[in-house]
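Tertiary structure, described
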Amino acid sequence: MIVCVSVVGHQNNPLYIQSFTDADDALKLHHIVHCSLDVIEERVNNPKKSGTTLNEAFLGLLYPTVNYKVYGYLTNTKVKFILVTTDLDVRDTDVRSFFRKFHAAYVDAVSNPFHVPGKKITSRTFAQTVSNIVGSYGLN
């Protein structure tokens, strides 16, 4: 089950975060997303240690916790997408597919002429699209 998706700007400023659980978990999920930024930075700055190539946007599993698995994706503009899931047996192909759709929705949202670059994404259309993408995976 996907419990949280997040978009973080190139200066590590949160642009969008949506959780799909109870309000009690929201703070914990914010903390998990924030902690994953350190892992993303380490992988980007030390690609030989992490085994990822610099031209690949999908960063893979960032780190597992007791209850969650955290996946990352990095765009060409250094915007980070973070996915938190409770499924412990998620296939990488499913996560890659999710991030491709999520990236397309993000591009549509920031292509809006009324969107100010670097500011939080407040579009209801984007939020609905993200909810539809999460729902389409049957993980929610």
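Going by what an unreviewed UniProt entry lists, the protein chain is known as Trafficking protein particle complex subunit 2-like protein and is assigned to Thlaspi arvense. According to its UniProt record, the protein chain has this under Sequence similarities (unreviewed entry): "Belongs to the TRAPP small subunits family. Sedlin subfamily."

**Details of helix α3 (residues 92-110)**
In this model, α3 (19 residues) spans 26 Å end to end at C-alpha, consistent with the 27 Å of a helix rising 1.5 Å per residue. If you check which residues of α3 are buried, you get V95, F98, F99, F102, A105, Y106 and A109. Along the axis of α3, the buried residues cluster in a sector spanning 125°; they form a single face. The exposed set on the far side of α3, more than 90 degrees from its buried face, consists of T93, R100 and D108. Against β1 (2-8), β2 (14-19), β3 (58-64), β4 (69-74), β5 (80-85) and α4 (124-136) lie the buried residues of α3.

**Quick word on the side chain of T85**
For T85, the location among the structural elements is in strand β5. A polar side-chain atom of T85 sits 3.2 Å from the main-chain amide nitrogen of D87. Setting aside anything within four residues of it in sequence, one finds T85 in contact with M1, I2, V3, N67, Y68, K69, Y71 and V90.

**Looking at the environment of V107**
Looking at the secondary structure, you find V107 in helix α3. Taking the relative accessible area as the measure of exposure, V107 reaches 38% and is therefore partly exposed. Spatially, the C-alpha atom of V107 lies 11 Å from that of T77, the residues being 30 residues apart in sequence.

**Some points on the nonpolar core**
Counting residues in hydrophobic clusters, the biggest one holds 26 residues, and the most contacted among them are V5, V7, F98, F99 and F126. Sorting the residues of this core by element identifies β1, β2, β4, β5, α3 and α4 as the ones contributing at least two each. Per-element accounting of this core gives the leading share, seven residues, to α3. Look past the residues within four positions of V7 in its chain and what remains in contact with it is N13, P14, L15, Y16, V79, K80, F81, F102, Y106 and F126. Counting 16 residues, the second-largest nonpolar core is a separate cluster that includes V3, V33, L62 and L74.

**Describing the side chain of Q18**
Among the structural elements, Q18 can be located in strand β2. Overall, Q18 belongs to the buried group, its relative accessible area being 16%. Among the polar contacts listed, one links the side chain of Q18 to the side chain of S131, at a separation of 3.1 Å. Residues within four places of Q18 in sequence aside, it is in contact with V3, C4, V5, A127, V130 and S131.

**Section: the pattern of salt bridges**
Counted by the stated rule, this structure contains one salt bridge. One salt bridge in this structure joins D94 and R91, with 3.2 Å as the shortest N-O distance. The exposure class assigned to D94 is partly exposed, which follows from its relative accessible area of 29%.

So, how was this worked out
Residues numbered from 1 in each chain as written. Predicted model: local features only at pLDDT ≥ 70, side-chain atom pairs only at ≥ 80, totals over all residues. Heavy atoms only, no water. UniProt positions renumbered as here; feature names shortened; annotations may be inferred. Helix = DSSP H or I, 4+ residues; strand = E, 2+ residues; numbered from the N terminus. Expected span 1.5 Å × (residues − 1). Buried < 20%, exposed > 50% of the residue type's maximum accessible area, 1.4 Å probe, protein only. Arc of directions from axis to C-beta. Contact = heavy atoms within 4.5 Å. Polar contact = N/O pair within 3.5 Å; in protein donor to acceptor, adjacent residues only side chain to side chain. Core = buried A, V, L, I, M, F, W, Y, C linked by side-chain atoms within 4.5 Å. Salt bridge = Lys/Arg side-chain N within 4 Å of Asp/Glu carboxyl O.

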